[in-house]
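Breakdown of the fold
Here is how the chains run, residue by residue.
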Amino acid sequence: IRDFAFDGNNQGGQTRMFFGGAKYSTARSIAILNCGGRGNSNSSGGLAWWNGNPPALGYNRIINCYAENTAHVSLSCQKISHHNMIRGCVVKDPNQSGSFTHPMSIESNRHSMMTNNIVIGRGNPALNANLVEHSVVSNNTIEGAVKGINCANGGGIKMSLITNNTISDTEGFGILVQDT
């Protein structure tokens, strides 16, 4: 999917572009390039793969995408298997829609990465890297978030690298590595 954008309020309660589902996810080797979304504040997100059961087959990419004022998870390769990437993306003013708003997430991934991204605004946390294994979160910029990078809820991370991230003006933690 290349050069796609949506603008306006989605009242349907789901992600505008959603690959996956509660029981099955068929997302494999899909790339979302140069896409964006704005004003999706009553929905569950912007561009996402989520909750594959069994897990998706992986090798999915979200590259050079943009999201503004989207609720819950703005750009996500979450709760799926392996080799997923969110790179060169920008999320601005994520909508604080409850107890969490993850502008970007690779939660529960293996061999995945979030690199060279920018989050500006109320992320809670801005980057979610909870339960990742053999993954990289690097060269990201976070400004004005409620919380920075989450690596700890529900079990933390294993054999992963969190490096060269710039985090400023957060209300809570910068990087949470252990939940006590």
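Considering the side chain of S135
In this structure, S135 sits in the loop between β14 (127-128) and β15 (136-138). At 3.4 Å, the side chain of S135 and the backbone nitrogen of H111 are in polar contact. Excluding residues within four positions of it along the chain, S135 makes contact with I106, N109, R110, H111, S112, M159, S160 and L161.

Brief notes about the sheet that holds strand β9 (residues 85-87)
Reading across the sheet, the six strands line up as β3-β6-β9-β12-β15-β18 and stay open at both edges, with parallel pairing between neighbours. On the outer flanks of this sheet lie β3 (31-33) and β18 (161-163), each paired with one strand and no other. Taking the axes of each pair of neighbouring strands and ignoring which way they run, one obtains an average angle of 5° across the sheet. Note: β9 against strand β12 (residues 113-115), three bridges, orientation parallel. Considered in β12, the bridge of I86 is made with M114.

Regarding the confidence of the model for the chain
Averaged over every residue, the pLDDT of the chain is 77; the share at 70 or more is 67%. Within the model, pLDDT remains below 50 along residues 10-16, and this stretch shows 26 contacts once partners closer than five positions in the same chain are excluded. Contacts for the low-pLDDT stretch residues 18-25, under 50 throughout, to residues beyond four places or in other chains number 24 contacts.

Some thoughts on the nonpolar core
Of all hydrophobic cores here, the largest spans 24 residues; its most connected members are I62, C65, L75, I86, M104, M114 and L127. When near neighbours in sequence (up to four residues on either side) are disregarded, C65 contacts I32, L33, N34, C35, L47, L75, G88, C89 and V90.

Section: unusual backbone geometry
Where the residue is not glycine, phi is negative for most of them; where a peptide bond is considered, it is trans in most cases. A cis amide bond, omega 0°, links N124 with the succeeding residue P125. Its place among the elements puts P125 in the loop between β13 (118-120) and β14. Despite not being glycine, S108 has its phi angle at roughly 60°, a positive value. Locating S108 in the fold gives a position in the loop between β11 (102-105) and β12. Positive phi, normally seen in glycine, also occurs at H111, with a value near 50°. The partly exposed category is assigned to H111, whose relative accessible area is 37%.

Criteria and thresholds
Residues numbered from 1 in each chain as written. Predicted model: local features only at pLDDT ≥ 70, side-chain atom pairs only at ≥ 80, totals over all residues. Heavy atoms only, no water. Helix = DSSP H or I, 4+ residues; strand = E, 2+ residues; numbered from the N terminus. Polar contact = N/O pair within 3.5 Å; in protein donor to acceptor, adjacent residues only side chain to side chain. Contact = heavy atoms within 4.5 Å. Pairing = 2+ DSSP bridges. Axes fitted to C-alpha atoms, helices over the stretch in contact; angles between N-to-C directions. pLDDT = per-residue confidence, 0-100. Core = buried A, V, L, I, M, F, W, Y, C linked by side-chain atoms within 4.5 Å. Buried < 20%, exposed > 50% of the residue type's maximum accessible area, 1.4 Å probe, protein only.

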